[in-house]
Amino acid sequence: MYVKMIKSYDEFSGEMDIIVTDGKFDILCYYWPIYSSKLKVGDKISKISTCGADNIMTELNEEPDVKKTDESYYSYDLIGKIINIEESLISIGELIIKLDGYLPGDIQLGDIVKLSIDRMDAYV
């Protein structure tokens with residue numbers, strides 16, 4: 001996962017809107033450099049976490065997907081594979097995303113899930 005593009009940068013706060021990619025899937029993320037310096041295109045992203053993950057459910061016969069929605073500036077519908085239940089991690093291609101929402105008890109390792117999110121935050 002790496003920074004494909006910096007969409008906007010606020011010099012005063014250091015906040016950025018960035019596009020993170022794995023080479024196949026692109027997602028808009030919020031970035032606030034509280035613990036690191038300003039990002040550059042090509043920099044590695046170590047973690048993506050969601051804010052407002054909701055409507056998490058298993059999805060049969062679906063492929064991983066990223067779909068921007070009109071709900072808000074950062075909102076997406078995601079389809080990903082559960083790769084770690086305890087840490088609530090999904091993979092979409094090579095993107096690894098930590099969910100902040102509740103995983104229903106019937107979801108198992110390897111399941112494909114569909115969910116909506118309000119925002120994704122990127123960390124280096």
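Bear in mind that the values here come from a model prediction, so they are computed numbers and not experimental data. (Residues numbered from 1 in each chain as written. Predicted model: local features only at pLDDT ≥ 70, side-chain atom pairs only at ≥ 80, totals over all residues. Heavy atoms only, no water.)

A. The arrangement of the nonpolar core in detail. Formed by 33 residues in total, the largest nonpolar core has its most connected members in Ile18 and Ile27. Within the residue set of this core, elements represented by two or more residues are β2 (16–21), β3 (26–31), β7 (76–84), β8 (89–92), β9 (95–98), β10 (112–117) and β11 (119–123). Counting residues per element, this core draws most heavily on β3, which supplies five residues. Leave out the neighbours within four places in its chain, and Ile27 touches Ile18, Ile19, Val20, Ile48, Val66, Tyr76, Leu95, Ile97 and Met120. (Core = buried A, V, L, I, M, F, W, Y, C linked by side-chain atoms within 4.5 Å. Buried < 20%, exposed > 50% of the residue type's maximum accessible area, 1.4 Å probe, protein only. Helix = DSSP H or I, 4+ residues; strand = E, 2+ residues; numbered from the N terminus. Contact = heavy atoms within 4.5 Å.)

B. Structural detail: the packing of aromatic side chains. Evaluation of the coordinates by the stated rule reveals two aromatic pairs. Ring centres of Tyr30 and Tyr74 lie 6.3 Å apart, and the angle between their planes is 85 degrees; this geometry places the pair in the edge-to-face category. Residue Tyr30 is located in strand β3, and its partner Tyr74 is located in the loop between β6 (65–68) and β7; the two are separated by 44 residues in the primary sequence. Neither Tyr30 nor Tyr74 differs from the other in exposure class; each is buried. Aromatic pair Tyr73 and Tyr74: ring centres 4.8 Å apart, planes at 80 degrees, arrangement edge-to-face. With a relative accessible area of 16%, Tyr74 lands in the buried category. In textbook terms, an aromatic cluster arises when at least three aromatic residues are bridged by ring pairs, as seen for Tyr30, Tyr73 and Tyr74. Between Lys68 and the ring centre of Tyr76, over which it is positioned, the NZ or CZ distance is 5.4 Å. Its guanidinium or amino end placed over the ring of Tyr30, Arg119 lies 4.9 Å from that ring's centre, counting from NZ or CZ. (Phe/Tyr/Trp six-rings, centres within 6.5 Å; stacked < 30°, edge-to-face > 60°. Lys NZ or Arg CZ within 6 Å of the ring centre and 35° of its normal.)

C. Structural detail: the state of the cysteines. All told, the structure shown has zero disulfides when counted by the stated rule. The structure places no disulfide on Cys29, whose sulfur is separated from the nearest cysteine sulfur, that of Cys51, by 10 Å. A relative accessible area of 0% places Cys29 in the buried class. We classify Cys51 as partly exposed; its relative accessible area is 24%. (Disulfide = S-S within 2.5 Å.)

D. Structural view of a negative patch on the surface. Negative charge collects at one region of the surface, where Asp54, Asp70, Glu71, Asp100 and Asp118 lie side by side. Tracing the backbone through its elements, the reader meets Asp70 in the loop between β6 and β7. The exposure class of Asp70 is exposed, given its relative accessible area of 80%. (Patch = residues over 30% accessible without salt bridge, like charges linked within 9 Å, V, L, I, M, F, W, Y side chains within 5 Å. Areas by Shrake-Rupley, 256 points an atom, 1.4 Å probe, with all protein chains shown as cover. Salt bridge = Lys/Arg side-chain N within 4 Å of Asp/Glu carboxyl O. Lys, Arg positive; Asp, Glu negative; His and termini not counted. Charge placed at Lys NZ, Arg CZ, Asp CG, Glu CD.)

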